[in-house]
Amino acid sequence: MGLDLSERAYRGQRWAARTALASAGLAVLVPLAHGGVGGVLLLVAGAAGLGLSAVAAWWTLTLRGRLRWAAAVVAVTVPAALVALFAATLFWALLVSVALWAVAVWSGRYALRGTGGTRVRVMRERRTPPPSRPFLIMNPRSGGGKVVRFALKEKAERLGARVVLLDPDQHQDVTVLAREAVAEGADLLGVAGGDGTQALVAAVAAEHDIPFLVISAGTRNHFAMDLGLDRDDPATCLDALTDGVELRVDLGFAGDRPFVNNASFGAYAAIVQSPGYRDDKIGTSLELLPDLLTRQQGPRLTARAAGTTLTAPHAVLVSNNPYRTDDPFGLGRRDRLDAGVLGVLGIRVDSAAEAAALLLDPAPDGLTNVTAPEVVVAADRAEIEAGIDGEALVLPAPVHCRIAPGALRVRVPRRRPGVPQRGPRLDWRRLRKLAATVGRTAAPGRGPFL
């Protein structure tokens, strides 16, 4: 019976692969067949329009005055005109095409389950006793006042935690507060605040090998998002004090500065140093970008990682584990935080043509995406501007970035809403091989999948 079920499963996977390939092909052919020669011309016009939009966007960022505003109008109106043109000529065909693509994606991922393809591994959870002397630092200003709005201090104290509220009117060193708490016997450190504060306290917890609690009371809460925590209701994070599990995750360092998300260098890092950035992000960016992108200001960077050298990139993003780049719905997220590598993303765009290539070329020369345990970012000056988990800093050059694998014990609620449940990534080459197999040659690790 087991063999019959196995054969049936393989047969289902093969037919799912064939369905995925057929649906993907029809998704392309339906608009072309509906539009005929006009459909082909529309696709050409669409590609040309995307290229023109990229060029216009580059001019918008690098020019000033009337030319900038003219370029901005082109950057907005061309995509809008293309959408209207496609909707007017291929409306129902586009709807059918989108539906076919959905079938192709679902069938493809179903087909690749169990064939040995790349899967997203879930971080291992460990059951540990709840803390007896938890210590929490809370920033009442973070996230627009979430600490007060969700009564986090009162709820944490009812659960037995000692809570320190940061004083908005004076600087308090959270690293010192965390070290003092550990010296007084705290067996868990936690933060309700932004990711920059989270990283500083997390480093102390990692140093003393005690659990760390993330409370999603910041503005963006990227670290909390990748841990699967509820970002809408930070009070649910306190459930970890009574019904929690531990995850062993990595911690990044840029020099001696820890980060839980990323360290950025280049144009963005230079912009956030500006005194006016917090009050007028868009205006400050538009004022500084022309000189930064045309290299009239800012350092000339060089980054080295895993045998790859990035020469004069405009921006370098070094992340604690790599961000997704193959899924448009998952951009800005990390599948896991315990792979033991840094993600390195570098961008160099020196002309309008290179800006268009970034959008149209599937592997543009101006985009570098690698992983490495260590990254060295150098510059043609003694100091480098950096953004560390959103905090503006200036670091001595060169900056050595490294990953500390499994250094941080993060205590999270046993039940949390954002734990990623992703299937295998779509691999069209594997799907073609699976669709062409016969019988048990479709089994994992056999036949064409070797």
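Every chain is numbered independently, its residues counted from 1 as its sequence is written. For this predicted model, a pLDDT threshold of at least 70 governs which residues receive local features, and a threshold of 80 or more governs which side-chain atom pairs are given and counted, while totals over whole chains, interfaces and linings are taken from all residues. By convention in this description, side-chain values take in all heavy atoms of the structure and omit both hydrogens and water.

The antiparallel open sheet is built from 6 strands, whose spatial order is β13-β12-β11-β8-β15-β16. Looking at the sheet topology across the chains shown, the edges are occupied by β13 (367–372) and β16 (391–396). Taken pair by pair, the neighbouring strands of this sheet meet at an average axis angle of 20 degrees, ignoring direction. Note on pairing: DSSP must find at least two bridges between two strands before they are called paired. Segments assigned H or I by DSSP are reported as helices when at least four residues long, segments assigned E as strands when at least two residues long, and all are numbered from the N terminus. With 6 bridges connecting them, strand β15 (residues 383–388) and β16 associate as antiparallel partners. The axes are straight lines fitted to the C-alpha atoms, using for helices just the contacting stretch, and the angles between their N-to-C directions are given from 0 to 180°.

Here, UniProt's "transmembrane region" (unreviewed entry) annotation points to residues 15–34, 40–60 and 67–86. End-to-end, the C-alpha atoms of residues 67–86 are 29 Å apart, and along that stretch the chain is 100% helix and 0% strand. UniProt positions are given in the numbering used here, feature names are shortened, and annotations may be inferred rather than shown by experiment.

This brings us to the domain arrangement of the chain. How large an interface is tends to be reported as the accessible area lost when its parts come together. Domain annotation for the chain reports domain 1 (2–116), domain 2 (126–252 + 409–413) and domain 3 (262–405). Delimitation of the domains relies on an automatic or database domain assignment. Distance from the C-alpha centre of domain 1 to the C-alpha centre of domain 3: 29 Å. Residue-level contacts link 13 residues of domain 1 with 16 residues of domain 3. For the pair domain 1 and domain 3, the summed buried area comes to about 1,200 Å², and 71% of that belongs to carbon and sulfur atoms. The largest contributions to the domain 1 side of the interface with domain 3 come from Trp 58, Leu 61 and Arg 64, which together make up 49% of the buried area. Salt bridges are counted wherever a side-chain nitrogen of Lys or Arg sits within 4 Å of a carboxyl oxygen of Asp or Glu. Taken together, the links from domain 1 to domain 3 amount to 2 salt bridges. By definition in these notes, contact holds between two residues if any of their heavy atoms fall within 4.5 Å. Throughout, buried area stands for the accessible area (probe radius 1.4 Å) lost by two parts on being put together, summed over both.

For the coordinates displayed, the defined rule picks out 17 salt bridges. A salt bridge links Arg 64 to Asp 291; its shortest N-O distance comes to 3.6 Å. Of this pair, Arg 64 sits in the loop between α2 (37–62) and α3 (66–112) while Asp 291 sits in helix α10 (residues 281–293), and the two are 227 residues apart along the sequence. Burial here depends on accessible area, computed with a 1.4 Å probe over protein chains only, as a share of the maximum for the residue type. Under 20% is buried, over 50% is exposed, and the range in between is partly exposed. On the accessibility criterion, Arg 64 (39% relative accessible area) is partly exposed.

Our focus in this paragraph is helix α6 (residues 174–183). Among the residues of α6, Val 174, Thr 175, Leu 177, Ala 178, Ala 181 and Val 182 are the ones counted as buried. Along α6, the residues classed as buried sweep out an arc of 160 degrees about the axis, all on the same side. Considering only its buried residues, α6 is in contact with β2 (134–138), β3 (162–165), β4 (188–192) and α7 (195–208). Within 3.5 Å is the distance limit for a polar contact, defined as a pair of N or O atoms, with the added protein rule that one can donate a hydrogen and the other accept it, and that residues adjacent in sequence qualify only through two side-chain atoms. Where α6 begins, the side chain of Asp 173 points an oxygen toward the backbone nitrogen of Thr 175, at a separation of 2.9 Å. Following α6 by one or two positions, Gly 185 adopts a phi angle in the positive range, close to 105 degrees. As used here, the arc is the angular range of directions from the helix axis to the C-beta atoms.

This brings us to unusual backbone geometry. Between Ala 397 and Pro 398 the backbone carries a cis peptide bond, its omega angle lying at -5 degrees. One can find Pro 398 in the loop between β16 and β17 (399–413). Notably, Asn 321 is not glycine yet its phi reads approximately 75 degrees, a positive angle. Tracing the backbone through its elements, the reader meets Asn 321 in the loop between β11 (315–320) and β12 (342–347).

It is worth spelling out the environment of Ala 24 at this point. Note on placement: Ala 24 falls in helix α1 (residues 2–35). What makes Ala 24 buried here is its relative accessible area of 12%. Ala 24 sits 76 residues away from Leu 100 along the chain, and the two C-alpha atoms are 6.6 Å apart. In contact with Ala 24, not counting residues within four places along its chain, are Trp 101, Ala 104 and Trp 428.

Below, the discussion takes up the nonpolar core. Core analysis: the largest hydrophobic core is formed by 57 residues, its most contacted members being Leu 136, Leu 152, Leu 189 and Phe 223. It is α7 that provides the largest number of residues to this core, a total of 8 residues. Sequence-distant contacts of Phe 223, defined by excluding residues within four places in its chain, comprise Asp 195, Phe 212, Val 214, Val 249, Val 260, Asn 261, Arg 334, Leu 337, Leu 408 and Val 410. Formed by 23 residues, the second largest nonpolar core is a distinct cluster that contains Ala 305, Val 316, Ile 384 and Val 399. What is meant by a nonpolar core is a set of buried Ala, Val, Leu, Ile, Met, Phe, Trp, Tyr and Cys residues, joined one to another through side-chain atoms within 4.5 Å.

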